[in-house]
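These are the residues of each chain, in order.
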Amino acid sequence: MTSTTAGDARSTDTQWTDLKAHWQELADLGGIGSLLGWDQSTYLPSGAAAGRARQQSLLSRMVHARATDADYGRLLDAVQGRGDLSPAQTRMVALARKNFEEATRFPAEFVAAWSQHGGESYSAWTTARPDNDFTRMVPYLEKSLDFSRQAAAYFPEFGDPMDYFIDRSDEGMTAAQVGEVFSKLREALVPLADAVIGAAPPRTDFLHRHYPAATQLAFGEAVIRDYGYDFTRGRQDLTHHPFMTRLGGADVRITTRVKENDLGEALYSTLHEAGHALYEQGVSGEFLGTPIGGGVSAGVHESQSRLWENLVGRSRAFWAAYFGKFRDAFPEQLSDVSEDEMHRAVNTVARSLIRTDADELTYNLHVITRYELERELLGGTLAVRDLNDAWHAAYERNLGLRAPNDVNGALQDVHWYFGSIGGAFQGYTLGNVLSAQFYAAAEKANPGLEDDIARADFSRLHGWLRKHVYAPGGLYQPAELVERATGQPMTVEPYLKYLREKYGELYALS
Ligand SMILES: [Zn+2]
């Protein structure tokens, strides 16, 4: 039905206006919550934590009430039944429906019990970890697994519980698809990492000289200004764990951390978070305050942080552009260092036990290991009590290393200790895979892109990404976005080609 009477048209317009007002309110409450969280991680005085926790809890109750409001649900039903929505409106309503189901389908008692368990599990982990005692966490993990399976059972439209958890952060992806991508990657990465680690390591001594924090921060900010990060709609502050956050509307902020005896720390965390922020700052203004007014998935988001951090920031062209400026900033510390040595040093590959310390090449093996263990736990083929042994065996197989303790084994990451298991890690590696696919497409559309970078001119790269990846926000499902932007579905080939060429040349592999 396409024709309506004047009265219907007026009432349907009212429906749409009401819906948009409700979304704007949810987005603004979300932004206020982000502001409280940002402040807590940057400037909140330590004595003010209790009051802040109370404010955050009040705000989350207000958000929950509005997100699950019965009138809002009826409005969604009414609008969803209409045949006159544009593709963008249809997508907004579909995502709103997804969020509504996520917020309403669990019974209140289930949510309360699950969240209480999450708090207890996290608290137990904070002491089991320093005590190096995985065994203490076994009952908590068993309960987490049970809650996770129950949660997935409220969404029977997903056959495999893992599919439900993956879909929450990487919409439309399934465990089978992720598993296929990851096994192709592992097959290629294990021998490549072996070859690189067997070659002569680069010189890295100069990365650990004394570099004053203020100069490091100023340099990082100059680079991201060149990238296109808009400081009139954001800022950078210091924090313990770097992150990017949207405080509502156009305000997209980042944080970083700095070590005076580690040159890579501040620069690369700044470039990483700026990549996330360029994505958020680039979302089309008309979509802000709606369900499509932000990045579309964990994987696509991470593709942008990795693209600006690694494909650009660790490239030869990048150091051709910036090494001179860098040496001007640190003339004594870098007096005996060449541009080539700098480029090699920031691309050092080494086996390590810690995911967050891993280099570009071995990082994915840490992620794949966790993903496979999660999938086995959730699928019931691995018992929690055997998790730590399975972890060590997988590390020997994938990374050629065995942790001497539980701390660097299954107790390592916080992700499994908030009360839920599944879907926590795959986005990191999907992001790496997609970063190379997007970059290759940008390069194909803009011949000579590397020469631009060597002149610190990022306008064509940023322009292409804005148009094809950033502006659409959540308008398309991730898979459709990838296909529209690059002309093909997600594929590991551009990423493997990038790694083989880069590390083949750096480490003179044949
Ligand atoms: Zn990231």
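Residues numbered from 1 in each chain as written. Predicted model: local features only at pLDDT ≥ 70, side-chain atom pairs only at ≥ 80, totals over all residues. Heavy atoms only, no water.

1. Quick word on the overall build of the chain
1) Next: A count of helical and extended segments in the chain gives 20 helices and three strands.
2) Next: Considering only C-alpha atoms, the chain reaches an extent of 75 × 55 × 50 Å along its principal axes.
3) Next: The buried share of the chain, taken over its 510 residues, is 52%.
4) Next: Summarising the internal contacts of the chain: among those between residues at least 6 apart in sequence, 72% fall at separations of at least 24.
5) Next: In the structure as shown, the chain presents an accessible area of about 22,200 Å², 52% of it carried by carbon and sulfur atoms. (Helix = DSSP H or I, 4+ residues; strand = E, 2+ residues; numbered from the N terminus. Buried < 20%, exposed > 50% of the residue type's maximum accessible area, 1.4 Å probe, protein only. Contact = heavy atoms within 4.5 Å. Areas by Shrake-Rupley, 256 points an atom, 1.4 Å probe, with all protein chains shown as cover.)

2. Some remarks on the coordination of the zinc ion
1) Next: Coordination of the zinc ion by the protein comes from His272 (NE2), His276 (NE2) and Glu302 (OE), over a distance range of 2.1 to 2.3 Å.
2) Next: Along the chain, the residues that donate to the zinc ion are spaced as H-x3-H-x25-E. One end of the pair, His272, and the other, His276, are both in helix α10 (residues 263-282), four residues apart, so they sit about a helical turn from each other. Like His276, His272 is buried. (Donors = N, O, S within 2.8 Å, 3.2 Å for Na, K, Ca; no water.)

3. Quick word on the packing of aromatic side chains
1) Next: This structure, assessed with the given rule, holds 37 aromatic pairs.
2) Next: Measuring from centroid to centroid gives 5.3 Å for Tyr122 and Phe418, while their planes differ by 15 degrees, and the two rings are stacked. Taken together, the positions of Tyr122 in helix α5 (residues 108-128) and Phe418 in the loop between α15 (387-399) and α16 (426-445) put the pair 296 residues apart, joining distant regions of the chain.
3) Next: Above the ring of Trp38, the side-chain terminus of Arg253 is found at 4.5 Å from the ring centroid.
4) Next: Across the ring face of Tyr428, the terminal group of Arg355 is positioned such that the distance to the ring centre comes to 5.0 Å. (Phe/Tyr/Trp six-rings, centres within 6.5 Å; stacked < 30°, edge-to-face > 60°. Lys NZ or Arg CZ within 6 Å of the ring centre and 35° of its normal.)

4. Section: the domain arrangement of the chain
1) Next: Domain assignment breaks the chain into domain 1 (2-128) and domain 2 (175-506).
2) Next: Between the C-alpha centres of domain 1 and domain 2 there is a distance of 29 Å.
3) Next: With 23 residues of domain 1 at the interface, the matching set in domain 2 holds 30 residues.
4) Next: Regarding the contact of domain 1 and domain 2, the summed buried area is about 2,100 Å², with carbon and sulfur atoms giving 64% of it.
5) Next: Remark: the boundary between domain 1 and domain 2 carries zero salt bridges.
6) Next: Counting the contacts that link domain 1 with domain 2 gives 10 residue pairs in polar contact (both at pLDDT 80 or more).
7) Next: Element by element, the count of residues in the side of domain 1 that touches domain 2 is highest for helix α1 (residues 6-42), at 10 residues. (Domains from an automatic or database assignment. Buried area = accessible area lost by both parts, 1.4 Å probe. Salt bridge = Lys/Arg side-chain N within 4 Å of Asp/Glu carboxyl O. Polar contact = N/O pair within 3.5 Å; in protein donor to acceptor, adjacent residues only side chain to side chain.)

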